[in-house]
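Survey of secondary and tertiary structure
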Amino acid sequence: MANDILMELQTGKIIELMKQGKRIDGRALDEYRKLEIFHNISQNAEGSARVKLGETEVVAGVKMVPGDPFPETPAEGSISVGAEFLPLSSPTFESGPPGPEETELARVVDRGIRESKCLNFEDLCIKEKEKVWIAFIDMYTINFDGNLFDACSIAAMSALMQAKVPKLDKEYRIVKGEYSGKLELHRKPLLSTFSKIAGQIVVDTNFAEEKATEARFSVATTEDNYMAAFQKGLSGSFSGKEIDDCIELAFKKAKEIRKHL
Amino acid sequence: MEKEIQYVKNGKRLDGRGLEDLRKLKIEAGVISKADGSCYLEWGQNKVFASVYGPREALPKHIQNPYKALVDYQYRMATFSVPDRKNPKPGRREIEIGKVSGEALEKAIFLERFPNTTIDVYVEILDSNAGTRVAALTAASVALADAGIPMRDMVSAVGVGKAGGEIILDLNKDEEDAPDAVDIPIAILPRTEEVVLLQMDGLLTKEEWKKAFKLGVKGCKQVFEMQKEALRKKYLEAEKETAETENIEMMGD
């Protein structure tokens, strides 16, 4: 707790430095912290990953579950994305049902994956009108030091890339420990999140910087130059020019990160 | 093979609008007498009530901010407002919309004048056909102004996006269901064109975005004119009523 209060007290210093285009940890405005990705952290998951972005750490796992198709899309499977801020990861997180922050995070990660057509939902059809795969992608925070949007997006993407599709018996029950193949991905969307602090736009904010952030903007970009999702958050604003600059940088940064996947 | 729908034909859309036309928009301020401020809005088929209570003491006390007012924005859809009955429990979509819409309003309000308080904004969607979150935010902004809450500017919102390969303003449900549909809710402070709400889903190129943004700002400004008009109308009516009351009183003398 003491640590977090100290960090909040840094807000003034962060803003003062930012006015000179400097950051409290000496990084450039467009510099991410060190990224590390560890695969297959859970054997029971169909795919999983642990991502460290500086001190921020999150895990994501995929579970494939046979489910009923939606009546309006009888030949399509679906995805379901969840995010939980574990109390073990920060003195500021409490247990309980997902709050607005967790809901927003999960839905923005969901939109990037869904709208980019990263997964072809028709590939997830088992038998039309009867059974389809639902890919449950659940993300948990392990250590919270800012920028959960990008960390979770990287973790979700990494977990999907590892994911295998379980084998089914005739009654559509999963045959434990057997797989019919890998989950096929068509694109690799990644979120890039920008924070506005004292009029400057920075990437990959740490916890202390997040406390000083006025406005946040996330873009999901794909390797084939599409944008699949936007999300502006917090009480500040962006000009049209700032948004265009963020978009340009998002393509560049996501490309660098994609190499690590 | 299904017949392919032509979303734009000779510059006209499925419902007869041009590419840059809004659906019919009707805004009425001050419609709920118990509220501090309120608004009823119809935008195409969308129908929304918004009301504002506050600034009032934020409770429980531990949520209070000694430096500024909180904004609690609750976006809800009536169970009958969608084709298949909606579960009355607020879903993840409603929670997310409430969060980003409240944040969008925060930029417009002089929050620092009302420490330890909350400004509660409630919107209820009664009927829907794409674009309810921007309809709701537009109504909420009018309700805030109607409540006399000091603001830097209005918040004006509109949906913009893509259907059938064209960038269009104010998508309806048919257009939102197009195979290539892109939906971009956007809200600005119309005086400065600062973007306070921006979301997008679909597949969009940078060039398409630039075009869409321009059209969105233009749309927001049209909405802004109607918001002002709604507020003006309410005060003109109030003035008229006062004048009439005074006349009656004078006659009584």
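Look up a bit, the structure's there.
To start, this report covers the structure provided alongside it. (Residues numbered from 1 in each chain as written. Chains lettered and ligands numbered in written order. Predicted model: local features only at pLDDT ≥ 70, side-chain atom pairs only at ≥ 80, totals over all residues.)

Across its full length, chain B carries four helices and eleven strands. Since a compact globule built from 253 residues should have a radius of gyration of about 18 Å, the 20 Å found for chain B is in line with a globular shape. Projected onto its principal axes, the C-alpha positions of chain B cover 75 × 50 × 40 Å. A sequence separation of at least 24 residues applies to 70% of the contacts in chain B between residues at least 6 apart. (Helix = DSSP H or I, 4+ residues; strand = E, 2+ residues; numbered from the N terminus. Rg over C-alpha atoms; globule rule 2.2 N^0.38 Å. Contact = placed C-beta atoms within 7 Å.)

Looking now at the interface of chain A and chain B. The partner chain B presents 26 residues to the 25 residues of chain A that form the contact. Of all the elements in the fold, those that place two or more residues in the side of chain A that touches chain B are helix H3 (100–115), strand E12 (227–233) and helix H6 (240–258) of chain A. No other element matches E12(A), which puts seven residues into the side of chain A that touches chain B. For the side of chain A that touches chain B, the per-class residue count stands at ten nonpolar, ten polar and five charged. Two strands pair when backbone bridges link them, and E12(A) and strand E11 (residues 194–204) of chain B are joined in this way by four bridges, in the antiparallel orientation. Counted as the bridge partner of A:Met227 is B:Leu204 from E11(B). (Nonpolar A, V, L, I, M, F, W, Y, C, P; charged D, E, K, R; others polar. Pairing = 2+ DSSP bridges.)

Glancing now at the packing of helix H1 (residues 92–106) of chain B against helix H2 (residues 132–146) of chain B. Residues and elements named next belong to chain B. Where H1 contacts H2, the axes come no closer than 11 Å and their chain directions differ by 40 degrees. When the axis of H1 is compared with that of H2, the two are oblique. In terms of crossing hand, the pair formed by H1 and H2 is right-handed. For the pair formed by H1 and H2, the contact residues are Ile-97, Ser-101, Ala-104 and Leu-105 on the first element and Arg-133, Ala-136, Leu-137, Ala-140, Ser-141 and Leu-144 on the second. (Axes fitted to C-alpha atoms, helices over the stretch in contact; angles between N-to-C directions. Parallel < 35°, antiparallel > 145°, perpendicular 65-115°, else oblique. Left-handed = near helix turned anticlockwise from the far one by under 90°.)

Between its first and last C-alpha atoms H6(A) spans 27 Å; for 19 residues at 1.5 Å apiece the expected length is 27 Å, and the two agree. Every buried residue belonging to H6(A) is among A:Ile243, A:Cys246, A:Ile247, A:Ala250, A:Lys253, A:Ala254 and A:Ile257, and all of these are buried. (Expected span 1.5 Å × (residues − 1). Buried ≥ 20, exposed ≤ 12 C-beta atoms within 10 Å, placed from the backbone.)

Residues A:Cys152, A:Ala155 and A:Ala156 are the most contacted members of the largest nonpolar core, which totals 142 residues. The residues contacting A:Cys152, other than those within four sequence positions of it, are A:Val58, A:Ala60, A:Ala83, A:Leu105, A:Val109 and A:Met139. (Core = buried A, V, L, I, M, F, W, Y, C linked by C-beta atoms within 7 Å.)

Note that all results are geometric; they support no functional claim without further evidence.
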